[in-house]
Amino acid sequence: MNLLIGENIRRLRRERSLTQEEAAAHLGISFQSISKWERGDGYPDITMLPALAHYFGVSVDELLGTDEIMKSEKYEEINRLWKENNLAGLHRENATLMRQSLKEYPNDALLLVQLSSSLEKLDGTPEEKRQYLRESIAVQEQILRYAEDCEVRGATFFNICFAYLKNGEHEKALAQARKLPNLYKARENALVYLLDGDEKKKVSEAALEPLLWALGLHLKILSEGKPALMERTENILAELKALKQEL
């Protein structure tokens, strides 16, 4: 278990606008000791923990960071269970799991995404499905209001277009789709200019699957009603997929 005591001492000291020297003087120790703890080069003696916790006005558990570690482990377990349920098609269980988890982790972007996804997969009467869809849209709108993670926001911007469409809100879906970045301004297109060596190759390799999907989508739309062109399109896509396997 990685204790967070050094990070917590530094945080608590700074929150109180104390220098290392001031904190050390109040505690009757050398400032070098505090400096060492904050760097992670050692831990306070166990007999000092109650005095440190009392000085900063926190519990020993909070000072050690064990509550944060337990919370992190619980969060990871929640997401592991969601993935397991999703593979098993247990979407109703997942919706309940995410609703409960969001009470402990309010506005957590990943949990909101997983709740939205689970809601859209729920079965029921036509009216129940419409209600689940409306709730999913409300969750996605919440993500766009509060989430800071660019990848989460980008995925939600894309997904909500189709949620609006399924909900009969075509104009809203269209307006949302027009806000999405074009293919030129994708993450992978920037990273290949910024990275080198194996990292650069990994980005290019990861980009091939979505690029082939997009190319196939647009070529098939353009060749609709033109059998000869459709056949050529299928052959081109097959060759590109074979080339990808060889790379």
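Residues numbered from 1 in each chain as written. Predicted model: local features only at pLDDT ≥ 70, side-chain atom pairs only at ≥ 80, totals over all residues. Heavy atoms only, no water.

(A) Inspection of the environment of L81 at higher detail. By secondary structure assignment, the location of L81 is in helix α6 (residues 66-87). As for L81 and L97, which are separated by 16 residues in sequence, their C-alpha atoms are 8.8 Å apart. When sequence neighbours within four positions are dropped, the list of residues in contact with L81 reads N94 and L97. (Helix = DSSP H or I, 4+ residues; strand = E, 2+ residues; numbered from the N terminus. Contact = heavy atoms within 4.5 Å.)

(B) Seen up close, the packing of aromatic side chains. For the structure shown, the criterion picks out three aromatic pairs. Their ring planes at 70° and their centres at 5.1 Å tell us that Y75 and Y105 sit as a pair that is edge-to-face. Placement of Y75 in helix α6 and of Y105 in the loop between α7 (91-104) and α8 (109-120) is noted, with a sequence separation of 30 residues between them. Of the two residues, Y75 and Y105, both sit in the buried class. Ring centres of F158 and F162 lie 5.1 Å apart, and the angle between their planes is 55°; on these two criteria the pair is classed as tilted. Residue F158 and its partner F162 are located together in helix α10 (residues 150-166), separated by four residues, close to a single helical turn. (Phe/Tyr/Trp six-rings, centres within 6.5 Å; stacked < 30°, edge-to-face > 60°. Buried < 20%, exposed > 50% of the residue type's maximum accessible area, 1.4 Å probe, protein only.)

(C) Just the side chain of Q20, in detail. With respect to the helices and strands, Q20 occurs in helix α2 (residues 20-27). In contact with Q20, not counting residues within four places along its chain, are R13, F31, I34, S35 and E38.

(D) Seen up close, the pattern of salt bridges. Throughout the structure, instances matching the rule amount to 17 salt bridges. Between R13 and E38 there is a salt bridge, and its shortest N-O distance comes to 2.7 Å. Of this pair, R13 sits in helix α1 (residues 5-15) while E38 sits in helix α3 (residues 31-39), and the two are 25 residues apart along the sequence. Here the two residues R13 and E38 agree in accessibility, since each one is buried. With a closest N to O distance of 2.7 Å, E77 and R80 form a salt bridge. One end of the pair, E77, and the other, R80, are both in helix α6, three residues apart, so they sit about a helical turn from each other. The class of R80 is partly exposed, set by a relative accessible area of 39%. Residues joined by salt bridges that share partners form a network here, namely R11, E15 and R16. (Salt bridge = Lys/Arg side-chain N within 4 Å of Asp/Glu carboxyl O.)

(E) The arrangement of the packing of α7 against α8 in detail. Between α7 and α8, the least distance of the axes is 9 Å, while the angle of their chain directions is 150°. Classified by the interaxial angle, the pair formed by α7 and α8 is roughly antiparallel. The two elements α7 and α8 meet at a crossing, and its hand is left-handed. For the pair formed by α7 and α8, the contact residues are H91, N94, A95, M98, R99, S101 and L102 on the first element and L111, L112, Q114, L115, S118 and L119 on the second. A per-class count over the contact of α7 with α8 returns seven nonpolar, five polar and one charged. (Axes fitted to C-alpha atoms, helices over the stretch in contact; angles between N-to-C directions. Parallel < 35°, antiparallel > 145°, perpendicular 65-115°, else oblique. Left-handed = near helix turned anticlockwise from the far one by under 90°. Nonpolar A, V, L, I, M, F, W, Y, C, P; charged D, E, K, R; others polar.)

(F) Summary view of the layout of surface pockets. Computed from the structure, the largest pocket encloses a volume of approximately 1200 Å³. Around the largest pocket sit 30 residues that line it, and F158, L180, P181, L183 and A186 are the ones nearest its centre. Counting residues per element, the ones that place at least two in the lining of the largest pocket are α10, α11 (170-177), α12 (187-194) and α13 (197-222). In terms of residues, the lining of the largest pocket owes the most to one element, α10, which gives 10 residues. (1 Å grid on protein atoms, 1.4 Å probe; cavity = no way out; pocket = protein on both sides within 12 Å on 5 of 7 lines; lining within 4 Å. Points joined across faces, edges and corners; volume = space filled by probe spheres on them.)

(G) Main features of the nonpolar core. Within the largest apolar cluster, 19 residues are counted, with the highest numbers of intra-cluster contacts made by I78, M98, L111, L115, L119, V139 and I143. Listed by contribution, the elements that provide at least two residues to this core are α6, α7, α8 and α9 (126-146). Per-element accounting of this core gives the leading share, five residues, to α8. Here I143 is in contact with A109, L112, V113, V152, R153 and T156, once residues within four sequence places are set aside. (Core = buried A, V, L, I, M, F, W, Y, C linked by side-chain atoms within 4.5 Å.)

(H) Representation of the side chain of N94. Among the secondary structure elements, N94 is positioned in helix α7. Sequence-distant contacts of N94, defined by excluding residues within four places in its chain, comprise L81, W82, N85, N86 and S118.

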